[in-house]
Amino acid sequence: MAMQKRANLRLPPEINRVLYVRNLPYKITAEEMYDIFGKYGAIRQIRVGNTPDTRGTAFVVYEDIFDAKNACDHLSGFNVCNRYLVVLYYQANKAFDKMNLEKEKEKLAKTQAKYGLNT
């Protein structure tokens with residue numbers, strides 16, 4: 001009965017199986033991540049940021065979209081080592097928009113340098 005009810009439920013388009021987690025403690029391990037996020041369902045993959053730009057962030061990929069929704073609902077604001085997690089749905093179009101914006105800024109800077117325009 002529960003599976004039939006879940007199949008009929010329509011989710012908004014921004015909800016997907018990939019969660020983007022911010023404000024993680026820098027020294028969190030993969031095992032601790034699995035302990036925290038594994039309570040809500042089967043996990044396909046966890047990627048924890050390790051460069052200076054990505055430290056404190058992670059991507060968590062669930063097998064089922066409903067498990068990801070449940071984890072996002074329950075873990076956003078969850079306290080880990082005196083830090084409150086920010087759990088969002090990963091939105092690829094926003095990430096690509098940011099990359100495109102950086103490319104446009106580079107192109108603008110080259111054009112300004114070419115014509116001697118400094119603002």
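For the structure, see preceding data.
For every chain, the first residue of the written sequence is number 1, and numbering continues from 1 along that sequence. Thresholds applied to this predicted model are a pLDDT of at least 70 for local features of residues and 80 or more for the giving and counting of side-chain atom pairs; totals over whole chains, interfaces and linings are not thresholded and use all residues. Side-chain numbers come from the whole structure's heavy atoms, not from hydrogens or water.

K.L.:
Hey, could you run me through the pairing of strand 1 (residues 18–22) in this one?
P.N.:
Working note: regular strand, side chains alternate between the two faces of the sheet. Relative accessibility decides the category of a residue: with a 1.4 Å probe and only protein chains considered, values under 20% of the type maximum give buried, values over 50% give exposed, and everything between is partly exposed. We count a stretch as a helix when DSSP gives it H or I for four or more residues in a row; a strand needs E for two or more, and each element gets its number in order from the N terminus. Burial along strand 1 is one-sided: Leu-19 and Val-21 are buried, while Val-18, Tyr-20 and Arg-22, pointing the other way, are not. Here a strand pair is declared whenever DSSP counts at least two bridges between the two strands. Here four bridges tie strand 1 to strand 3 (residues 58–62), and the two strands are oriented antiparallel to one another. Residue pairing across strands places Val-21 opposite Ala-58, the latter belonging to strand 3. By the bridge criterion, four bridges tie strand 1 to strand 6 (residues 86–89) in an arrangement that is antiparallel.

K.L.:
What's the story with the sheet that holds strand 2 (residues 43–48) in this structure? I'm lost.
P.N.:
Backbone-to-backbone hydrogen bonds join strands into a sheet, with any given pair of strands oriented parallel or antiparallel. Ordered by their spatial adjacency, four strands build an open sheet running 2-3-1-6, and the pairing between neighbours is antiparallel. Of all the strands in the sheet, just strand 2 and strand 6 have a single pairing partner and so form its edges. Ignoring which end each strand starts from, the neighbouring axes of this sheet average 20 degrees apart. Note on contacts: a residue pair qualifies if any of its non-hydrogen atoms lie within 4.5 Å across the two residues. Axes here mean lines fitted to C-alpha atoms, for a helix over just the part in contact, with angles spanning 0 to 180 degrees between N-to-C directions. Running over the sheet, helix 3 (residues 65–75) touches strand 1, strand 3 and strand 6 and is turned about 150 degrees from strand 6.

K.L.:
How should the packing of aromatic side chains be read in this particular structure?
P.N.:
Note on aromatic pairs: each is described by the distance of the centres and the angle between the planes. Stacked, tilted and edge-to-face are the three classes assigned to paired rings of Phe, Tyr and Trp, where Trp is represented by its six-membered ring and a pair needs centres within 6.5 Å; plane angles under 30 degrees give stacked, over 60 edge-to-face, the rest tilted. Overall, the coordinates contain two aromatic pairs when judged by the stated rule. Aromatic side chains Tyr-20 and Phe-59 sit 5.2 Å apart centroid to centroid with 40 degrees between the ring planes, which places their arrangement in the tilted category. In this pair, Tyr-20 sits in strand 1 while Phe-59 sits in strand 3, placing the two residues 39 residues apart along the sequence. For Tyr-20, a relative accessible area of 23% puts it in the partly exposed group.

K.L.:
Honestly, the nonpolar core in this entry has me stumped. Any pointers?
P.N.:
In summary, soluble globular proteins display a tendency toward joint burial of nonpolar side chains. The biggest cluster of nonpolar side chains holds 22 residues, and the ones touching the most others in it are Leu-19, Val-21, Met-33, Phe-37, Val-60 and Tyr-62. Elements with a contribution of two residues or more to this core: strand 1, helix 2 (30–37), strand 2, strand 3, helix 3 and strand 6. Of the residues forming this core, the biggest block, four residues, is contributed by helix 3. Excluding its chain neighbours within four sequence positions, the residues that come into contact with Met-33 are Leu-24, Ile-28, Gly-38, Ile-46, Val-48, Ala-58 and Val-60. To define a nonpolar core, start from buried Ala, Val, Leu, Ile, Met, Phe, Trp, Tyr and Cys residues and group those joined through side-chain atoms within 4.5 Å.

These values are about where atoms sit, not about what they do.
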